[in-house]
Amino acid sequence: MKKTILTGDRPTGRLHLGHYVGSLKNRVALQNDYETFILLADVQALTDNFETPEMLRDNIFQVALDYLAVGLDPEKCAFVIQSQIPQIAELTIFFMNLVSVSQVERNPTVKSEIMQKGFGETLPLGFFCYPVSQAADITAFGAHLVPVGADQAPMIELCRDIVLRFNRLYGGTLVLPEAMYAEFGRLPGTDGQAKMSKSIGNTISLSDDEKTVNGKVMSMFTDPNRLTGKEPGNVEGNPVFTYLDAFHGDKARVEEMKALYRAGGENEKGKPILGDVAVKRELAAALNEVLGPIRERRAEFEKSPDFVWDVLKSGTRRGLERAESVMEGARQAMKIGYF
Ligand code: TRP
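Residues numbered from 1 in each chain as written. Predicted model: local features only at pLDDT ≥ 70, side-chain atom pairs only at ≥ 80, totals over all residues. Heavy atoms only, no water.

Colleague: Sorry if this is basic, but what is going on with the overall build of the protein chain here?
Modeller: If you tally the helices and strands in the protein chain, you get 14 helices and five strands. Against the 2.2 N^0.38 benchmark of 20 Å for 339 residues, the protein chain shows a C-alpha radius of gyration of 22 Å, consistent with a compact globule. C-alpha atoms of the protein chain, sized along the principal axes, occupy 85 × 45 × 40 Å. Split into buried and exposed, the 339 residues of the protein chain put 50% on the buried side. Considering only contacts within the protein chain whose residues lie at least 6 apart along the sequence, 76% involve residues at least 24 apart. Carbon and sulfur atoms form 53% of the exposed surface of the protein chain, whose accessible area is close to 16,400 Å². Averaging the locations of the 39 positively and 45 negatively charged side chains of the protein chain gives two centres separated by 1 Å. (Helix = DSSP H or I, 4+ residues; strand = E, 2+ residues; numbered from the N terminus. Rg over C-alpha atoms; globule rule 2.2 N^0.38 Å. Buried < 20%, exposed > 50% of the residue type's maximum accessible area, 1.4 Å probe, protein only. Contact = heavy atoms within 4.5 Å. Areas by Shrake-Rupley, 256 points an atom, 1.4 Å probe, with all protein chains shown as cover. Lys, Arg positive; Asp, Glu negative; His and termini not counted. Charge placed at Lys NZ, Arg CZ, Asp CG, Glu CD.)

Next up, the structure:
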């Protein structure tokens with residue numbers, strides 16, 4: 001029997017390079033070895049967008065296109081729409097009893113999101129509780145492994161706490177999941193901030209065309225002390241080099257560029273030996289090489305919306321079957337399987 005993977009994304013827009021590095025790449029690599037469920041977490045997306053539920057339909061479609069474009073195979077992965085799985089909501093309610101308010105308050109991801117979104121006194125309970133609901137997402141499918149970006153670590157920790165508590169208390173058999181973090185960790189935004197995030201506007205989308213990618217790379221943050229390109233430059237903490245590490249196919253060339261950038265200096269014509277523009281050009285080319293085939297596949301699938309919705313429908317059906325069988329076990333453990 002294959003083990004199970006569950007992971008997901010909030011359908012708040014098209015997916016970006018941060019998603020790719022943090023999780024999508026791992027999902028594609030693992031889809032042959034695991035039974036994979038991928039959640040389009042529309043209920044979670046509502047926790048901070050509840051005023052505009054009508055945006056979910058197109059966002060779900062766009063995210064499904066991104067999945068297909070990066071090479072997730074719908075024969076191997078069930079694409080599941082979260083709102084259509086009532087068992088997740090049911091499990092969330094039971095899990096809420098097993099978590100204290102202060103436990104969620106301490107969660108660093110929730111903490112920073114609450115700050116970033118500036119909720120203040122208007123913080124919705126639904127948003128506050130989404131980590132509990134995410135624990136239900138993972139558990140409802142009996143997931144052994146959760147490939148996620150490093151920012152999700154506190155979510156997986158909370159999920160594990162809840163599962164241990166549930167099993168101890170009720171003698172249940174919920175699967176204790178493990179996180180799998182990407183080899184590369186977290187991709188910074190184009191502005192050098194710690195995280196690529198659509199709400200900050202520092203992303204490069206998987207579906208950006210070549211011109212857009214070139215433009216975004218050219219305006220990327222680099223070493224601010226390098227005014228002429230001749231000064232010795234900083235490679236550490238410089239997002240251009242972080243991206244080169246993540247996306248350039250030729251590691252030796254990246255090391256060579258790092259050495260030249262660190263050294264600085266000018267050539268016989270008085271021009272920088274390795275200026276920032278030259279580095280960015282090479283990065284843009286590397287990105288376009290990775291994104292080219294993804295764009296092409298995306299454009300193909302985009303022509304067949306009915307196919308994409310069929311994939312979502314059959315994936316959701318597979319998800320429902322799994323979630324109901326896990327939920328039956330959970331109800332029995334809690335001795336509330338009355339009939
Ligand atoms: N919170 C995740 C994100 O913002 C999305 C998500 C929802 C998720 N449910 C999940 C990730 C379950 C892993 C497992 O990216």
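Colleague: Would you take a moment to explain the nonpolar core for this structure?
Modeller: For soluble globular proteins, the rule of thumb is that nonpolar side chains tend to be buried together. Judged by nonpolar contacts, the single largest core of 47 residues is most densely connected at L17, Y67, F79, I204, L206 and F247. Among the elements that make up this core, the one with the highest residue count is helix α3 (residues 56–70) (nine residues). Residue contributions to this core reach at least three from each of two domains, namely domain 1 (4–189 + 305–333) and domain 2 (210–297). Look past the residues within four positions of F247 in its chain and what remains in contact with it is L17, Y20, V21, L187, A286, L287 and V290. F119, I156, V326 and A333 belong to the second-largest nonpolar core, a separate cluster that totals 42 residues. (Core = buried A, V, L, I, M, F, W, Y, C linked by side-chain atoms within 4.5 Å. Domains from an automatic or database assignment.)

Colleague: What is the right way to look at the site of the ligand in this model?
Modeller: Taken together, the neighbourhood of the ligand is formed by 13 residues, with G8, Q44, Q134, D137 and Q152 sitting nearest. In this structure, a nitrogen atom belonging to the ligand sits 2.8 Å away from a side-chain N or O atom of Q134. At a separation of 3.2 Å, a nitrogen atom of the ligand approaches a polar side-chain atom of Q152. Mapped by element, the contributors of at least two residues to the shell around the ligand are β1 (4–9), α8 (130–140) and β4 (145–148). The element contributing the most residues to the shell around the ligand is β1, with four residues. In the shell around the ligand, the residues fall into five nonpolar, five polar and three charged. (Near = heavy atom within 4 Å. Polar contact = N/O pair within 3.5 Å; in protein donor to acceptor, adjacent residues only side chain to side chain. Nonpolar A, V, L, I, M, F, W, Y, C, P; charged D, E, K, R; others polar.)

Colleague: Help me out: how do you make sense of the domain arrangement of the protein chain in this one?
Modeller: Frequently, the measure chosen for interface size is the accessible area removed from exposure when the parts meet. Along its sequence, the protein chain is carved into domain 1 (4–189 + 305–333) and domain 2 (210–297). Across the boundary between the two partners, domain 1 contributes 12 residues, which contact 11 residues of domain 2. Counting each side, the surface lost to burial between domain 1 and domain 2 is near 930 Å², with a carbon and sulfur contribution of 77%. Area buried by domain 1 at its contact with domain 2 is led by L17, A69 and F184, which between them contribute 48% of it. Run the count over domain 1 and domain 2 and you get zero salt bridges. Scanning the region where domain 1 abuts domain 2 turns up two residue pairs in polar contact (both at pLDDT 80 or more). The set of elements that each furnish at least two residues to the side of domain 1 that touches domain 2 consists of α1 (17–30) and α3. With four residues, α1 is the largest single contributor of residues to the side of domain 1 that touches domain 2. (Buried area = accessible area lost by both parts, 1.4 Å probe. Salt bridge = Lys/Arg side-chain N within 4 Å of Asp/Glu carboxyl O.)

Colleague: Even after reading the chapter, I still don't get the environment of T242, so can you show me in this structure?
Modeller: You can see T242 is positioned in helix α11 (residues 239–247). Among residues more than four places away in sequence, those in contact with T242 are F184 and P188.

Colleague: Could you clarify how one ought to interpret the pairing of strand β5 (residues 178–181) in this entry?
Modeller: When a strand is regular, its side chains alternate between the sheet's two faces. Here β4 pairs with β5 via four bridges, running parallel. Bridging from a neighbouring strand, P147 pairs with M180 of β5. Each parallel crossover has a hand, and the one from β4 via helix α9 (residues 153–170) to β5 is right-handed. (Pairing = 2+ DSSP bridges. Right-handed = clockwise from strand over helix to strand, strands pointing away.)

Colleague: Would you mind going over α8 with me for this structure?
Modeller: α8 sits mainly inside the fold: 11 of its 11 residues count as buried. When we look at burial in α8, the residues that qualify are Y130, P131, V132, S133, Q134, A135, A136, D137, I138, T139 and A140. Just past α8, the residue G142 takes up positive phi, approximately 65°.

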